[in-house]
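Structural description and commentary
Each chain is listed here by its residues.
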Amino acid sequence: LLTVCGCMLNSDWSRVSGEEVSNKPNFVLMMVDDLGIGDVGCYGNDTIRTPNIDRLASEGVKLTQHIAAAPLCTPSRAAFMTGRYALRSGSVLSKTTRHVLLFVGGSGGLPPGETTFAKRLQQQGYATGLVGKWHLGVNCEHRGDHCHHPNQHGFSYFYGLPFTFFNDCVPGQGSDVLADLQQTLQNLTMMLGVGFVTLVNVILFGPWLLVPLFFLCILATAVWYVPFMLLPTWNCIIMRNREVIEQPMTVETLPQRLAFFDSFPRLFRNADQPFLLFFSLAHVHTPLFKTPAFAGKSRHGRYGDTVEEMDWIIGKLTETVDSLGLANNTLMYFTSDHGGHLEDSSLATGQKGGWNGIYKGGKAMGGWEGGIRVPGIFRWPGRLAAGSVVDEPTSLMDLYPTLKYLAKDTQPDRQLDGYNLMPLLEGKVGRSEHEFMFHYCGVYLNAVRWRDSVFKVHFFTPNFSPPGAGGCYDTGVCLCHGEHVTHHTPPLVYDLFRDPSESRPLTPDTEPRYAEILEQTAKAVERHKSTLGVEGQMTWNKILWRPWLQPCCGTFPFCGCKEDTT
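Because the structure is predicted, anything quoted here is derived from the model rather than measured. (Residues numbered from 1 in each chain as written. Predicted model: local features only at pLDDT ≥ 70, side-chain atom pairs only at ≥ 80, totals over all residues. Heavy atoms only, no water.)

The next point concerns the overall build of the protein. Looking only at helices and strands, one finds 17 helices and 19 strands in the protein. Going through the 566 residues of the protein one by one, you find that 58% of them count as buried. Carbon together with sulfur atoms contributes 57% to the accessible area of the protein, which is approximately 22400 Å² in total. (Helix = DSSP H or I, 4+ residues; strand = E, 2+ residues; numbered from the N terminus. Buried < 20%, exposed > 50% of the residue type's maximum accessible area, 1.4 Å probe, protein only. Areas by Shrake-Rupley, 256 points an atom, 1.4 Å probe, with all protein chains shown as cover.)

What follows deals with the environment of serine 91. Following the sequence through the fold, serine 91 ends up in the loop between helix H5 (86-89) and helix H6 (117-123). Spatially, the C-alpha atom of serine 91 lies 7.3 Å from that of threonine 74, the residues being 17 residues apart in sequence. Only 2.9 Å separates the side chain of serine 91 from the side chain of serine 89, close enough to count as a polar contact. (Polar contact = N/O pair within 3.5 Å; in protein donor to acceptor, adjacent residues only side chain to side chain.)

As a further point, take helix H14 (residues 399-406). Where burial is concerned, most of H14 is hidden: seven out of the eight residues are buried. What H14 keeps buried is the set Leu399, Tyr400, Pro401, Thr402, Leu403, Lys404 and Leu406. Of the residues one or two after H14, lysine 408 is the one with positive phi, at around 60°.

Attention now moves to the packing of helix H3 (residues 51-58) against helix H12 (residues 301-323). The interhelical angle for the contact between H3 and H12, taken along N-to-C directions, is 50°, at an axis separation of 7 Å. Classified by the interaxial angle, the pair formed by H3 and H12 is oblique. In contact with Pro51, Asn52, Ile53, Arg55 and Leu56 of H3, H12 contributes Met310, Asp311, Trp312, Ile314, Gly315, Thr318 and Asp322. Residue composition of the contact of H3 with H12, by class: six nonpolar, three polar and three charged. (Axes fitted to C-alpha atoms, helices over the stretch in contact; angles between N-to-C directions. Parallel < 35°, antiparallel > 145°, perpendicular 65-115°, else oblique. Contact = heavy atoms within 4.5 Å. Nonpolar A, V, L, I, M, F, W, Y, C, P; charged D, E, K, R; others polar.)

Moving on: the pattern of salt bridges. Under the definition given, this model contains 32 salt bridges. Here arginine 120 and aspartate 413 are joined by a salt bridge, their closest N and O atoms 3.5 Å apart. Of the two residues, arginine 120 is situated in helix H6 and aspartate 413 in the loop between H14 and helix H15 (422-425); the sequence distance between them amounts to 293 residues. Residue arginine 120 is classed as buried on the basis of its relative accessible area of 8%. Arginine 449 serves as the salt-bridge partner of glutamate 369, at 2.8 Å between the closest nitrogen and oxygen. Within this pair, whereas glutamate 369 is found in helix H13 (residues 369-372), its partner arginine 449 is found in strand E15 (residues 444-450), the two being separated by 80 residues in sequence. In this structure, glutamate 369 and arginine 449 share a single accessibility class: buried. Bridged by salt links that share partners, the residues Arg84, Glu114, Arg120, Lys404, Asp409, Asp413 and Arg414 form one connected network. (Salt bridge = Lys/Arg side-chain N within 4 Å of Asp/Glu carboxyl O.)

With that settled, consider the nonpolar core. Buried together is how nonpolar side chains tend to be arranged in soluble globular proteins. One finds Leu29, Phe80 and Phe334 to be the most contacted residues of the largest nonpolar core, which totals 119 residues. For this core, the leading source of residues is H12, giving seven residues. When residues no more than four places from it in sequence are discounted, the contact partners of leucine 29 are Phe80, Phe117, Leu276, Leu277, Phe278, Phe279, Tyr333, Leu399 and Leu403. (Core = buried A, V, L, I, M, F, W, Y, C linked by side-chain atoms within 4.5 Å.)

Within this structure, the stated rule accounts for five cavities of 30 Å³ or more. By volume, the largest cavity amounts to about 130 Å³. Along its surface, the largest cavity is lined by 17 residues, and Ala70, Pro75, Tyr440, Cys441 and Gly442 are the ones closest to its centre. At the level of secondary structure, the elements contributing two or more residues to the lining of the largest cavity comprise H5 and strand E14 (436-441). Its residues placed into classes, the lining of the largest cavity shows 14 nonpolar, three polar and no charged. (1 Å grid on protein atoms, 1.4 Å probe; cavity = no way out; pocket = protein on both sides within 12 Å on 5 of 7 lines; lining within 4 Å. Points joined across faces, edges and corners; volume = space filled by probe spheres on them.)

Under the defined criterion, the tally for this structure stands at six disulfides. Disulfide pairing places cysteine 140 opposite cysteine 147 at an S-S distance of 1.7 Å. Linking cysteine 140 and cysteine 147, the disulfide has an S-S dihedral of approximately 90° and is accordingly described as right-handed. The partner cysteine of cysteine 553 in its disulfide is cysteine 561, sulfur to sulfur 2.1 Å. With the S-S bond torsion at -105°, the cross-link from cysteine 553 to cysteine 561 turns out left-handed. Residue classification places cysteine 553 among the buried residues on the basis of a relative accessible area of 9%. With a relative accessible area of 21%, cysteine 561 lands in the partly exposed category. Sequential numbering of the bridged cysteines in the protein gives the disulfide pattern 1-2, 3-4, 5-8, 6-7, 9-11, 10-12. (Disulfide = S-S within 2.5 Å.)

Looking at arginine 449, the relative accessible area reads 1%, which means it is buried. Here the side chain of arginine 449 touches glutamate 369 through a polar contact of 2.8 Å, side chain to side chain. Looking at arginine 449, its side chain comes within polar contact range of the side chain of histidine 439, at 3.3 Å.

Following this line, the structure appears as structure tokens:
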């Protein structure tokens, strides 16, 4: 780390003078995975203890209508990094049932030509580091080209998970990756095996059939077994920069190893170079951690334990920034990539996904508020008034232009969908620049939010299953197409100011402005669509596993190594 960051201190230094750089603030961005807005004390939870996150809110600005650009990891994070809807960068899986990257060894990801806030800050003389989850791809054409890797997108230093933390990483927790396809391939393999055994015993049908059937059985087994049964080896890996340093990863020590993040700001306490640290936690995505210091301590089972451990980690990072005397020149930001996963539960551990408070829906549920309204907290002592609250619509996409503004980056840029938040955060204006926000379910425009009042229009909604449930429990996550959704003509209209739980759709009889709402949102949709034009990046052929793209420590396919944690 010292060697890598020592190089970072000199990276791009020639582009910006030392005097310019020394006047720029540091940035510490903290993103939790799958955290529900209702899981945090300062957002209304009085049974899970989150004192450190609550402290950030009391010492800074709390956003009450902070919106993720998508209700799933990959598109939400792509939008966060680029300040643009994921559809613009082609970071949405095109018209299929899957909307996130599924394999580290796929060729999809954040396109090499895209611009991230890390890349812009790097050009302004910042030292940039990412610790934790990436989930925006690694390779394009061959193992080691690293075209989607964090190092290619502006992060001089990367330590963490190029994919994500998911159930396949822990034995006995089931699978998150194409479980239906896995079952189909397994059944096909078994059928071919039964057929082969039958033919062995029925020689009269011709022994020459045994050879092709034998090889067909081997092929079917390989297609199913190699990519899916070895998923912990392929997907559950840790990288330091471009090197795989652990494969498969040891889950039990992952939180402690990621918590080395406090070394990053320590390196720059006496340096003239400002820094960006993006700490992207593996918490609280399933499988849930069982760290002994937190196990059984909360009132909400293993999920509550994991949230409280996450809060402790946030506290340690805040403590480091403060103890180094960096607080007054460091903007700290806390959020989640999207809402909690309602359908994730088991008899053994209870609810494993988050709670989204009064808001309807959750992860993967398109435009329902529970999947996209997330915590949003900014702290900057001396610059932002402590205890402030902003109720206006804001977006994770706003981070890009906000950081760009604070870094004094005035260079031309491509079309952005986010806005500089500093006027709102400092109380200089009372209105958000987001007149309309567009909520996607995959590539499909699902809903539109109009700042005026605030109204929201849903063009279709997911079909919850079983009937009467509050989520898609039969499929595990809600889907965006065909029989899985109901289209509404006219669209459903809600007044989020009076009905934040989206339980009472408006009608012409109950809302005098009903026709105006539909007319204004229709015009906004047309304007929005006229600015799009990028085809989907993540087609099926780009997300499926390809052996020649698989990161590996050792000689493929004999991949395996353990990090030296001493």
